[in-house]
Amino acid sequence: MTKPPRTAESAAVGREWINPEASHVVLVGAASYRSPDLTQLPSVRHNLAGLRRIFLDPRIGGFPEDRVSQLLDPTQSAEIGNLIRKAAAQATDTLIVYYAGHGLIDDETNNLLLTHIDSVHDAPDLCLPVEHLRRAIHGKGQAKRRVLIIDCCYSGLADGRMGPAEQAKIGSRAAARILVSAAPTQRGPAAGEPAAPRPDTEAAEPKPTEPDDRPVRSGWYTMASAPPDRKAHAEDPDSCTAFTGALVKVITEGAADGRERLSLDFLFDQTRALLEREFPKAPSPEQASGRTHIGALGFVRNPAAQPAPAPDPVLTPPRPSRRRLALFSTAFALAGVGVGAFGVPAAVDAYQRWNPAPAVGACSERAVLLDHSDGLDKKDVEYEPVEGLSGLALAPGSRAKAYAVTDNEPGRIFPVDLGEPERLAPVAEKARTLRQADGSAFEDSWFDAEALAVEQGGRTALVASETGPSIRRFDLVTGRQVGEDLAIPKELRYWPEGGAQTGRSIESLALSPDGRHLYAGWEAPLAQDGDTRGRGIIRVQRYTGTPGGAYRPDESYAYLAGDGLMLADLAAVGGGRLLALERQYTLGRGNAVRVVEIDLTGARDVTGVKSLFRLPADALASSKLLFDLADCPPGGPGAVATSEGDQANPLLDNVEGMALGPRWTAAPHPGRHPLYLVSDDNGNSTQITRVYSLAVDLGP
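Nothing here was measured: the structure is a model prediction, and the numbers come from that model.

**Q** Teacher, can you tell me more about the overall build of the protein chain here?
**A** Secondary structure assignment for the protein chain yields 11 helices and 36 strands. Every one of the 700 residues in the protein chain was classed for burial, and the buried ones make up 58%. If you take every contact in the protein chain between residues at least 6 apart in sequence, the share linking residues at least 24 apart comes to 69%. Taken as a whole, the protein chain presents about 27900 Å² of accessible surface, with 52% of it coming from carbon and sulfur.

**Q** Looking at this structure, I do not really get the packing of helix H2 (residues 43-56) against helix H7 (residues 242-253). What am I missing?
**A** Between H2 and H7, the least distance of the axes is 10 Å, while the angle of their chain directions is 20°. When the axes of H2 and H7 are compared, the pair comes out roughly parallel. In this structure, H2 crosses over H7, and the sense of that crossing is left-handed. Contacts between H2 and H7 involve Asn-47, Gly-50, Leu-51 and Ile-54 from the former and Thr-244, Val-248, Ile-251 and Thr-252 from the latter. Looking at the contact of H2 with H7, its residues break down into 4 nonpolar, 4 polar and no charged.

**Q** Teacher, can you tell me more about the sheet that holds strand S22 (residues 449-454) here?
**A** Strand-to-strand pairing in sheets goes through backbone hydrogen bonds, with the strands running parallel or antiparallel. Within the open sheet, the 3 strands sit side by side as S22-S23-S24. Their pairing is antiparallel. The open sheet has two edge strands, S22 and strand S24 (470-475), and neither has a second partner. This sheet shows a mean twist of 25° between the axes of neighbouring strands, independent of strand direction. One ladder, built from 5 bridges, connects S22 with strand S23 (residues 460-465); its direction is antiparallel.

**Q** Where do I start with the sheet that holds strand S33 (residues 622-628) in this structure?
**A** Across the sheet, which stays open at both edges, the 4 strands sit in the order S30-S31-S32-S33 with antiparallel pairing between neighbours. Two strands bound the open sheet, and with one partner strand each, they are strand S30 (566-574) and S33. Neighbour-to-neighbour, the strand axes of the sheet open up by a mean angle of 25°, direction not taken into account. Bridge analysis of strand S32 (residues 590-599) against S33 gives 6 bridges, and the strand direction is antiparallel. The partner of Val-595 across the bridge, within S33, is Phe-627.

**Q** Explain the pairing of strand S34 (residues 655-660) to me, please; I cannot follow it from the model alone.
**A** Counting buried residues along S34, 6 of its 6 residues qualify, which places the element largely inside the surrounding structure. Bridge analysis of S34 against strand S35 (residues 673-679) gives 5 bridges, and the strand direction is antiparallel. Looking at S35, one finds that Val-655 is bridged to Ser-679.

**Q** Hey, could you run me through the pairing of strand S36 (residues 691-696) in this one?
**A** A regular strand places its side chains on the two faces of the sheet in alternate fashion. Burial runs high along S36: 6 of the 6 residues are buried. In S36, alternate side chains face the same way, and those of Val-691, Ser-693 and Ala-695 on one face and Tyr-692, Leu-694 and Val-696 on the other are all buried. Relative to S36, strand S14 (residues 367-373) runs antiparallel, the two being bridged by 6 bridges. Note on S36: the bridge partner recorded for Ala-367 is Val-696. The pairing of S35 with S36 spans 6 bridges and is antiparallel. Within S36, the residue paired with Pro-674 across the bridge is Ala-695.

**Q** In this structure, what is going on with the state of the cysteines? I would like to understand it.
**A** Covalent bonding between the sulfur atoms of two cysteines is what defines a disulfide. One pass over the structure, following the stated rule, counts 1 disulfide. Between the sulfur atoms of Cys-363 and its disulfide partner Cys-632 the distance amounts to 2.0 Å. Here the disulfide of Cys-363 and Cys-632 is right-handed, its torsion about the S-S bond being about 115°. In this pair, Cys-363 is assigned in strand S13 (residues 361-364) and Cys-632 in the loop between S33 and S34, connecting sequence segments 269 residues apart. Each member of the pair Cys-363 and Cys-632 is classed as buried.

**Q** What is the right way to read the side chain of Asp-151 from this model?
**A** Counting through the fold element by element, Asp-151 comes out in strand S7 (residues 145-152). Here the side chain of Asp-151 touches Thr-244 through a polar contact of 2.5 Å, side chain to side chain.

**Q** Any chance you could explain the nonpolar core here in plain terms?
**A** Across soluble globular proteins, nonpolar side chains show a tendency to be buried alongside one another. Grouped together as the largest cluster of nonpolar side chains are 76 residues, with contacts concentrated most on Phe-55, Leu-112, Leu-114, Ile-150, Met-223, Leu-267 and Phe-299. Considering each element in turn, this core owes the most residues, 7 residues, to H7. Leu-112 has contacts with Gly-103, Leu-104, Leu-128, Pro-129, Val-130, Ile-150, Cys-152, Cys-153, Tyr-154, Ser-155, Leu-157 and Ala-158, leaving out every residue within four places of it along the chain.

Conventions we followed
- Residues numbered from 1 in each chain as written.
- Predicted model: local features only at pLDDT ≥ 70, side-chain atom pairs only at ≥ 80, totals over all residues.
- Heavy atoms only, no water.
- Helix = DSSP H or I, 4+ residues; strand = E, 2+ residues; numbered from the N terminus.
- Buried < 20%, exposed > 50% of the residue type's maximum accessible area, 1.4 Å probe, protein only.
- Contact = heavy atoms within 4.5 Å.
- Areas by Shrake-Rupley, 256 points an atom, 1.4 Å probe, with all protein chains shown as cover.
- Axes fitted to C-alpha atoms, helices over the stretch in contact; angles between N-to-C directions.
- Parallel < 35°, antiparallel > 145°, perpendicular 65-115°, else oblique.
- Left-handed = near helix turned anticlockwise from the far one by under 90°.
- Nonpolar A, V, L, I, M, F, W, Y, C, P; charged D, E, K, R; others polar.
- Pairing = 2+ DSSP bridges.
- Disulfide = S-S within 2.5 Å.
- Polar contact = N/O pair within 3.5 Å; in protein donor to acceptor, adjacent residues only side chain to side chain.
- Core = buried A, V, L, I, M, F, W, Y, C linked by side-chain atoms within 4.5 Å.

Laid out in structure tokens, this is it:
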């Protein structure tokens, strides 16, 4: 629970507060970088998602949607400045600007440099000097108050270097206190880095110099989290940075004392206290100048004083992670309140109030989202990036050991430990580069692998490539090809032999549970097959053989994909049943991802049929929707990072791989199967490599 404010001015909230209708929020985050000198910061995506939802929440921020602007991964400094100036021109009450990303120090001037996607170390001209950010905030508009929240390394250097002209614009009575947040690095302090001494904040805090009833009329306020010589802390890439995460928790929890609004000073006090309890290695927010009554401004509504929202019937209450619950219990103990005094249920209940609801729960009657993780996003293993993951397969009989194949150059297979389905923690091992039998590279260096199926015994895998197209067997230890290529029927090849669309050939592979059949799915209809009212006629080629032995094409089937969707991957259930992963991206609408169940029983063998365009409906395999990823619970504020562009659900991205695990026989999901999905970031800084786990009911 939050402690009461320590000063009268912090409690003096209610005389004036932000008017959302006359204010504007600008959220800027630099999560991705092209330069290898700057590490990726996936936590920044969570920061922006969490803060955006807080400001839009009618119980907390209450801002109209057109009063909250977001800029993820700007490509140049001008993008940031232009967005801020546009917002400043609209705000007459309060302008709020938030920035998170890498912070650098100019060696010549010792000034703080903010970064964007094309920033480079030791290149100040490719960064945004913090004073330019301040000028943009004060350059235009009639806003009475300007609030800067900055989460970047060394941000103590942003401690109010305002010249006389800047001070005049906001009023001589507005010398605000600075709260500084150090830049989020995706790790803790470097080895050997001295821990900064924590100031005695109780002793150092200045006394109010004016009466408590002074109106909060105008002013400048900067909030951040660390001294000028320290880096920030981002413990978990799957959640917010330490500082912003603590701020989001404090706002979301609110204050139990019944106050209507939460002041800036109150939020600072509670954020600092929470950081010191939960992240003792993180730098402590420092107070760079004396408080003024701008700190008593009612910044957001107190959610603890608002009526509780109705529970979402779709969400299944999650079990808190052991690590975070342990941290919470420790915080209780440090606060002098034993968990035992409240009982475990009360502790868990308090924990869940401190943590926004994760994205878990029912996606349909037959599918439940268990977890998702961005733990592989922008990672590398021995300097090879984990990117372009386009196919996923489980090791035989396993629910945790998987293999992911890349579609970039050269083709690779990454062994991946997924973790528990309810608590995904994917970790990639050193990749195996796909080579010819003699160890040499393929003549086409871009192998363009799109799918894989691991064979019984776990020693070899069949890999499909759109180059060719081809299906080859590889040794999972050496990465070398074993045996000859599998035959591709003539009509399924590229022109002039067949009708496959360029770059839209074999996209999926699946082995039947007994290993007797291999299914290969084409991503898009053949040129001569076309579509039926926007639904593509997709061919699936069946092979028959033995595990580790020869597979030969025998029968071919077809089914209608969803409207405008293409086939991305297959998983074999058994008994002639398949799961098909369908996906598509549409500009302005984002990604569409769904999984359907296909039943080949009774479907016609279309081998040798030149065109399927006028084939009767009963000749096609039947399909039934299992779930649509857009219907899965998106979680609470900050629970899911967002990629660039519009999405119906923040969970959505370019999902291309799917793997089905063996049926559970025991609780908590007896009779269901684990199903894993993986998204392909295309090596693009604006997309996310994400792993999903679900429990699906496939019947007997």
